[in-house]
Amino acid sequence: MGLDLYAKIEPYLDFEEEVYILHKEFLRFVMTNDLNNIIDIGCGQGYFLENLRINKKKYFGIDLSAEQIKVCEAKGLNAKAIPLSDVKEKFDCATAIFDVLNYIPKNDLKQFIKETNLVLNQGTYFIFDVNSYFGFEEIAQGCITIDIEDKFIAIDANFEDEKLQTDITLFEKQENGMFSKEQDSIIQEYHSKDFLTKLLKECGFEIVEIKEFNLHTDEHADKLIFICKKIA
C-alpha cells in the first residue's frame, strides 16, 4: 500500500512540528498516569519509541513497513515488522499515533480493534488519533513537489467519497548519474466519531475522553484523540 515508498520520502515532508505536538500529548498521558510496558502500533521510524526509551519506559514497536523498521533497528530500538495479530505479549498501554487508524479500511477496523484488545491487560489503555473530516478535506489534500540535490518528489492527494488517495512519485539519482523512478499510492479513510465510538464499545473498550485537537488552525479541529480503557 505504498508504505515502503512513503518511508523513503517521510524525512522530507516537514511534519516535525505536528509529530512533536502529538507525541508530547501522548507522552503527557503516559507520564501522568505512570504507564509502562507500552506497544506502539504503526511505530514508523520510531520517534515515539525514542521518547519512551529516554523516559525509561518498557516499550515495543510494530509496523507493517520493513523500511520503517530498518530505521528503528539502526537506532537500536525494540521494534519489529510484524502485524498486530502476531503479537503474543500483553501490554499496559497501546498507542497508535499520526493517523494509523485512518490507514485501516472500515471493513477491517473492527478486527484491528479486537486485536488491540487482545494484546492489552485488563483495565489498561488504548490511545490513538484520527483525522477529522476537516483535516482530510481542508488540510490533507493537495499537491506538493520537493526538489533536492539527488531526489525529486511529487505528491498528489485527493479526498473523495471519504477516502484520501495520495499518489507518490520519487525520482532518485543513481551512482551512474541516471535517475530511477518509483510510484505508489496510499489510501486513508475518514472514520467518524460515532462510528469509532460504536466499534470501540463493541470491542470491549470504554471511552474515557475524546479530545479535539487543532494542529493547523484555531477554528476547526483537524485531529481527534481517543483515550480508551479495556473493560472486557
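Residues numbered from 1 in each chain as written. Predicted model: local features only at pLDDT ≥ 70, side-chain atom pairs only at ≥ 80, totals over all residues. Heavy atoms only, no water.

**With respect to the nonpolar core**
Core analysis: the largest hydrophobic core is formed by 28 residues, its most contacted members being Ile 39, Leu 101, Phe 112, Phe 126 and Phe 128. Where this core is concerned, the elements lending two or more residues are β1 (38-41), β2 (59-62), β4 (91-96), α5 (106-118), β5 (120-131), α7 (193-202) and β11 (223-230). Discounting chain neighbours no more than four positions away, the residues touching Phe 128 are Phe 26, Ala 96, Leu 101, Leu 196, Leu 200, Leu 224, Ile 225, Phe 226 and Cys 228. If you look at the next biggest cluster of nonpolar residues, it comprises 26 residues, including Leu 35, Cys 72, Ala 79 and Ile 127. (Core = buried A, V, L, I, M, F, W, Y, C linked by side-chain atoms within 4.5 Å. Buried < 20%, exposed > 50% of the residue type's maximum accessible area, 1.4 Å probe, protein only. Helix = DSSP H or I, 4+ residues; strand = E, 2+ residues; numbered from the N terminus. Contact = heavy atoms within 4.5 Å.)

**Quick look at the environment of Phe 134**
By secondary structure assignment, the location of Phe 134 is in helix α6 (residues 133-140). Once the C-alpha coordinates of Phe 134 and Ala 221 are considered, the two residues, 87 residues apart in sequence, prove to be 7.1 Å apart.

**Brief notes about unusual backbone geometry**
Phi is positive for Asp 161, which is not a glycine, with a value near 55°. Mapped onto the elements, Asp 161 comes out in the loop between β7 (151-160) and β8 (163-173). At Glu 162, a position not held by glycine, the phi torsion is positive, near 65°. Within the fold, Glu 162 resides in the loop between β7 and β8.

**Regarding the packing of α5 against α7**
It is at 9 Å that the axes of α5 and α7 come closest, and there the two elements cross at 35°. Judged by the sense of rotation from one axis to the other, the crossing of α5 with α7 is right-handed. Where α5 approaches α7, its residues Lys 106, Leu 109, Lys 110 and Ile 113 are matched on the opposing element by Phe 195, Leu 196, Leu 199, Leu 200 and Glu 202. (Axes fitted to C-alpha atoms, helices over the stretch in contact; angles between N-to-C directions. Left-handed = near helix turned anticlockwise from the far one by under 90°.)

**Brief notes about the sheet that holds strand β10 (residues 205-213)**
In space, the seven strands of this open sheet follow the order β3-β2-β1-β4-β5-β11-β10, with mixed pairing throughout. The open sheet has two free edges, formed respectively by β3 (79-80) and β10, since each of these has just one partner strand. Examined bridge by bridge, β10 and β11 share eight bridges and lie antiparallel to one another. When the sheet's bridge partners are listed, Phe 213 is paired in β11 with Lys 223. Where helix α2 (residues 16-32) meets the sheet, its contacts fall on β1, β4, β5, β10 and β11, and the angle it forms with β5 comes to roughly 160°. (Pairing = 2+ DSSP bridges.)

**Brief notes about the pairing of β1**
Neither face of β1 is open: one carries Ile 38 and Asp 40, the other Ile 39 and Ile 41, and all of them are buried. Handedness of the β-α-β unit built from β1, helix α3 (residues 47-54) and β2 comes out right-handed. Where β1 and β4 come together, three bridges link them in parallel fashion. Within β4, the residue paired with Asp 40 across the bridge is Thr 95. (Right-handed = clockwise from strand over helix to strand, strands pointing away.)

**As for the domain arrangement of the protein chain**
Taken domain by domain, the protein chain consists of domain 1 (2-133 + 191-230) and domain 2 (135-189). For domain 1 and domain 2, the distance between their C-alpha centres works out to 23 Å. Counting residues at the interface gives 18 residues for domain 1, matched by 21 residues for domain 2. Between domain 1 and domain 2, the buried area comes to about 1900 Å², and carbon and sulfur atoms account for 64% of it. For the pair domain 1 and domain 2, the number of links is two salt bridges. The residue Glu 182 makes a salt bridge to Lys 8 at a minimum N-O spacing of 2.8 Å. Taken together, the links from domain 1 to domain 2 amount to nine residue pairs in polar contact (both at pLDDT 80 or more). If one sorts the elements of the side of domain 1 that touches domain 2 by residue count, helix α1 (residues 3-9) sits on top with four residues. Of the residues in the side of domain 1 that touches domain 2, the class split is eight nonpolar, six polar and four charged. (Domains from an automatic or database assignment. Buried area = accessible area lost by both parts, 1.4 Å probe. Salt bridge = Lys/Arg side-chain N within 4 Å of Asp/Glu carboxyl O. Polar contact = N/O pair within 3.5 Å; in protein donor to acceptor, adjacent residues only side chain to side chain. Nonpolar A, V, L, I, M, F, W, Y, C, P; charged D, E, K, R; others polar.)

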